[in-house]
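So you can see what is in the structure, the chains are spelled out below.
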Amino acid sequence: MLAFVLTLVLLLSIVIVLAYAERKVAAFMQDRLGPTEAGPYGSLQSVLDVLKLLQKEDIVPAAADKNLFKLAPILIFAAVFAGFAVIPFTPDLVPAGIGIGVFYLLAIISLDVVGLLMAGWGSNNKYAMLGAMRSVAQIVSYEIPAGLAILSAVMICQSLDFQEISYQQGALMNRFPGLEFEMNWLFGIEALGINTTTIGGITTWNIFRAPILLISFIIYFIASLAESNRAPFDIPEAESELVAGFHVEYSGFRFAILFLAEYSMMVLVCLVAVILFLGSWNTPLPNIGPVSLAYWTTGTVGELSGILWGGFWLLSKTFVLLFLQLQIRWTYPRLRVDQLMHLCWKVLTPIALGVVLIAGIWRLLMI
Amino acid sequence: METKTIKHKSGFWFAVRSLISGLRLTWKHFWNAKNRRTPEYVTDKNYFNQPEGLVTLTYPYEAIPVPDNGRYRLHNEIDDCIVCDLCAKICPVNCITIESVKATEEIGLTSDGTKKRLYAPVFDIDMAKCCYCGLCTTVCPTDCLTMTPVYDFAEVDIKNMIYHFTDLSPEQAEEKKELLAKQQEEMAAAKAAALAARKQ
Ligand code: SF4
Ligand code: SF4
């Protein structure tokens with residue numbers, strides 16, 4: 001229960017910061033000022049936005065399918081929020097440390113699609129329906145390259161447990177029960193003979209442990225943009241043609257929930273990218289001889305310093321990725337539907353399949 | 001700049017390069033966001049020299065100064081107005097309403113030395129109707145009707161868009177009217193007396 005409350009509070013605060021950052025970043029990239037009135041530099045803007053939404057009337061259209069319409073936002077948010085349960089925030093803090101976390105995450109995120117379809121269908125509005133159908137088509141398609149990219153990381157790590165994957169990517173690897181005698185080699189090639197187990201830092205991140213994962217990281221990142229309906233894959237909610245997509249009929253509190261779910265999804269996909277490819281809560285600084293930067297910037301596991309350092313590295317890496325997502329949104333134009341499907345099925349999926357194959361071979365080099 | 005057609009299939013690296021150049025562009029703008037445009041007058045050297053940074057001004061707090069001779073809100077310096085009614089006549093939209101009352105004695109001089117003979121109990125300009133053509137300011141013989149640099153004067157109630165420039169309170173106006181009526185009565189009486197005297 002405590003984990004639930006903590007995760008919810010953490011998530012809400014990240015989302016509030018993100019919603020504010022989105023508006024400011026967008027403004028700065030377009031040479032505007034963004035919010036300036038509420039609080040210093042407009043920093044209270046997104047809090048006030050949420051307060052405003054909470055006060056608004058909860059309108060259910062007369063022709064809507066009432067039950068579906070009312071249930072959809074809850075389902076969407078619950079699906080995304082449940083995904084956070086398996087995310088390890090620090091070396092010893094994970095809301096629910098289950099052994100098949102990756103599998104659970106992929107499964108529970110897929111529920112999101114059902115919620116989107118319910119919202120679109122229940123609204124009884126052609127824009128909402130179109131948006132929901134596009135959304136479903138897009139998310140279902142992009143789950144394949146994303147899943148394959150995740151699979152290649154799982155093959156390298158030989159684990160479905162996010163916490164175990166996290167431990168493998170740092171100097172603390174041998175602390176994890178079951179990994180006491182594992183070794184990390186530079187680029188994952190034992191034949192090079194450079195042991196990086198105690199060097200840690202960036203050299204043991206997955207994208208360095210097995211450089212092929214750099215490609216899967218890029219594939220995953222592109223697919224995750226599509227899964228969270230972000231530009232340039234935002235045809236499900238293309239403002240200029242569909243008004244707002246599947247949530248066009250929602251208002252007030254329900255809209256706030258959908259909005260929250262959307263931003264939580266962004267945060268979740270970035271967290272997963274960081275954990276699987278960018279070294280999770282591990283520090284990027286390696287131990288160099290007597291200068292053990294990695295240990296200094298990791299803290300002591302089980303103590304406050306470990307929690308703070310772990311949380312700091314995880315969140316800062318996540319925010320870098322989130323910033324990239326924002327920047328991409330304000331840089332690239334929207335893809336057409338056929339281009340979107342072309343990119344998914346004819347480009348990303350074949351490459352991801354190839355990467356899975358190579359990752360399997362790479363794993364053989366690592367042992 | 002030379003323009004050339006970009007082929008549809010230009011290859012993988014071309015696409016990657018163009019994607020990165022797009023990111024670089026937005027990053028440059030983001031980075032330059034620490035600079036801000038300053039509210040400079042158009043004749044300032046800096047006015048056209050601010051190609052980078054945020055262009056928005058937080059308007060009510062900062063604004064680019066406007067020229068002195070622009071067409072903005074009208075102002076009438078009622079002390080200098082001789083109530084000649086020229087401005088009301090030339091106004092193409094009839095938004096100036098003037099009522100005049102003849103003075104019984106000399107009122108005084110305007111600042112350019114013209115004699116004032118009329119009071120204006122009503123001198124209203126309806127800024128909501130005004131089209132800011134400026135004709136009234138050019139015909140004004142004493143140059144008392146001018147345009148000011150104020151352009152932001154929106155009102156919640158449209159009645160407040162009618163500006164009253166008269167310097168007489170209703171009571172004073174009433175008093176002046178009575179004075180005039182009395183003087184005219186006296187004059188009429190004097191005339192009648194004179195007429196009667198001639199008949200005899
Ligand atoms: S500026 Fe033109 S429209 Fe306005 S009051 Fe003068 S004459 Fe009339
Ligand atoms: S033209 Fe000038 S002097 Fe004549 S009534 Fe109008 S404001 Fe007064």
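Parameters at a glance
- Residues numbered from 1 in each chain as written.
- Chains lettered and ligands numbered in written order.
- Predicted model: local features only at pLDDT ≥ 70, side-chain atom pairs only at ≥ 80, totals over all residues.
- Heavy atoms only, no water.
- UniProt positions renumbered as here; feature names shortened; annotations may be inferred.
- Helix = DSSP H or I, 4+ residues; strand = E, 2+ residues; numbered from the N terminus.
- Domains from an automatic or database assignment.
- Near = heavy atom within 4 Å.
- Nonpolar A, V, L, I, M, F, W, Y, C, P; charged D, E, K, R; others polar.
- Salt bridge = Lys/Arg side-chain N within 4 Å of Asp/Glu carboxyl O.
- Buried < 20%, exposed > 50% of the residue type's maximum accessible area, 1.4 Å probe, protein only.
- Contact = heavy atoms within 4.5 Å.
- Buried area = accessible area lost by both parts, 1.4 Å probe.
- Polar contact = N/O pair within 3.5 Å; in protein donor to acceptor, adjacent residues only side chain to side chain.
- Pairing = 2+ DSSP bridges.
- Axes fitted to C-alpha atoms, helices over the stretch in contact; angles between N-to-C directions.

Named according to an unreviewed UniProt entry, chain B is 4Fe-4S binding protein originating from Pontibacter populi.

As recorded in an unreviewed UniProt entry, chain A goes by the name NADH-quinone oxidoreductase subunit H, listed as coming from Pontibacter populi. A UniProt comment under Sequence similarities (unreviewed entry) is attached to chain A, and it reads "Belongs to the complex I subunit 1 family." Recorded under Catalytic activity (unreviewed entry), the UniProt text for chain A is reproduced unchanged: "a quinone + NADH + 5 H(+)(in) = a quinol + NAD(+) + 4 H(+)(out)".

A. Spatial organisation of the UniProt feature "coiled-coil region" (unreviewed entry) in chain B. Summarizing the sequence annotation, UniProt attributes the feature "coiled-coil region" (unreviewed entry) to residues 173-200 of chain B in the numbering used throughout. Across residues 173-200 of chain B, the secondary structure splits into 96% helix and 0% strand, with the terminal C-alpha atoms separated by 41 Å.

B. Looking closely at the domain arrangement of chain B. Under the domain assignment used here, chain B contains domain 1 (15-65) and domain 2 (73-180). One C-alpha centre belongs to domain 1 of chain B, the other to domain 2 of chain B, and the line joining them spans 45 Å.

C. Representation of the site of ligand 2. Taken together, 14 residues are adjacent to ligand 2, and Cys81, Cys84, Asp85, Cys87 and Cys140 of chain B come closest. The class makeup of the residues in the shell around ligand 2 is 12 nonpolar, one polar and one charged.

D. Here's a closer look at the pattern of salt bridges. Residues and elements named next belong to chain A. Counted under the stated rule, the structure contains eight salt bridges over all chains. With a closest N to O distance of 2.8 Å, aspartate 49 and arginine 23 form a salt bridge. Of this pair, aspartate 49 sits in helix α2 (residues 45-55) while arginine 23 sits in helix α1 (residues 2-29), placing them 26 residues apart in sequence. Judged by its relative accessible area of 26%, aspartate 49 falls in the partly exposed class. Among the residues examined, arginine 23 registers a relative accessible area of 37% and is labelled partly exposed. For arginine 254, the salt bridge identified is with aspartate 58, shortest N-O distance 3.0 Å. Of this pair, arginine 254 sits in helix α10 (residues 252-277) while aspartate 58 sits in the loop between α2 and α3 (66-83), placing them 196 residues apart in sequence. Arginine 254 sits in the buried class, given a relative accessible area of 15%. Under the relative-accessibility criterion, aspartate 58 is labelled partly exposed at 34%. Look at the salt bridges and you will find they share partners, linking Glu22, Arg230 and Arg329 into a network.

E. Spatial organisation of the UniProt feature "transmembrane region" (unreviewed entry) in chain A. Taking the UniProt record as the reference, the feature "transmembrane region" (unreviewed entry) is found at residues 71-90, 102-122, 142-162, 208-226, 255-278, 306-326 and 347-365 of chain A. Along residues 306-326 of chain A, the helical share is 100% and the strand share 0%, with 30 Å between the first and last C-alpha atoms.

F. Main features of the environment of lysine 176 of chain B. Residues and elements named next belong to chain B. In this fold, lysine 176 is placed in helix α4 (residues 170-199). Considered as a pair, lysine 176 and tyrosine 119 are 57 residues apart in the sequence and their alpha carbons are 8.1 Å apart. If we skip the residues at most four places from it in the chain, lysine 176 touches Val101 and Tyr119.

G. How the structure looks around the interface of chain B and chain A. Facing the 16 residues of chain B at the interface are 14 residues of chain A. Broken down residue by residue, the surface that chain B buries against chain A is led by Leu23, Thr26 and Phe30 of chain B, which jointly contribute 36%. Counting across the chain B and chain A interface gives zero salt bridges. At the junction of chain B with chain A, the criterion picks out seven residue pairs in polar contact (both at pLDDT 80 or more).

H. Representation of the sheet that holds strand β5 (residues 118-126) of chain B within the structure. All names here are of chain B. Taking strand neighbours across the sheet as the criterion, the three strands line up as β2-β5-β7 in an open arrangement whose pairing is antiparallel. Only two strands of the sheet have a single neighbouring strand rather than two, namely β2 (96-102) and β7 (162-164). Taken pair by pair, the neighbouring strands of this sheet meet at an average axis angle of 15 degrees, ignoring direction. Pairing between β2 and β5: six bridges, direction antiparallel. When the sheet's bridge partners are listed, threonine 97 is paired in β5 with aspartate 124.

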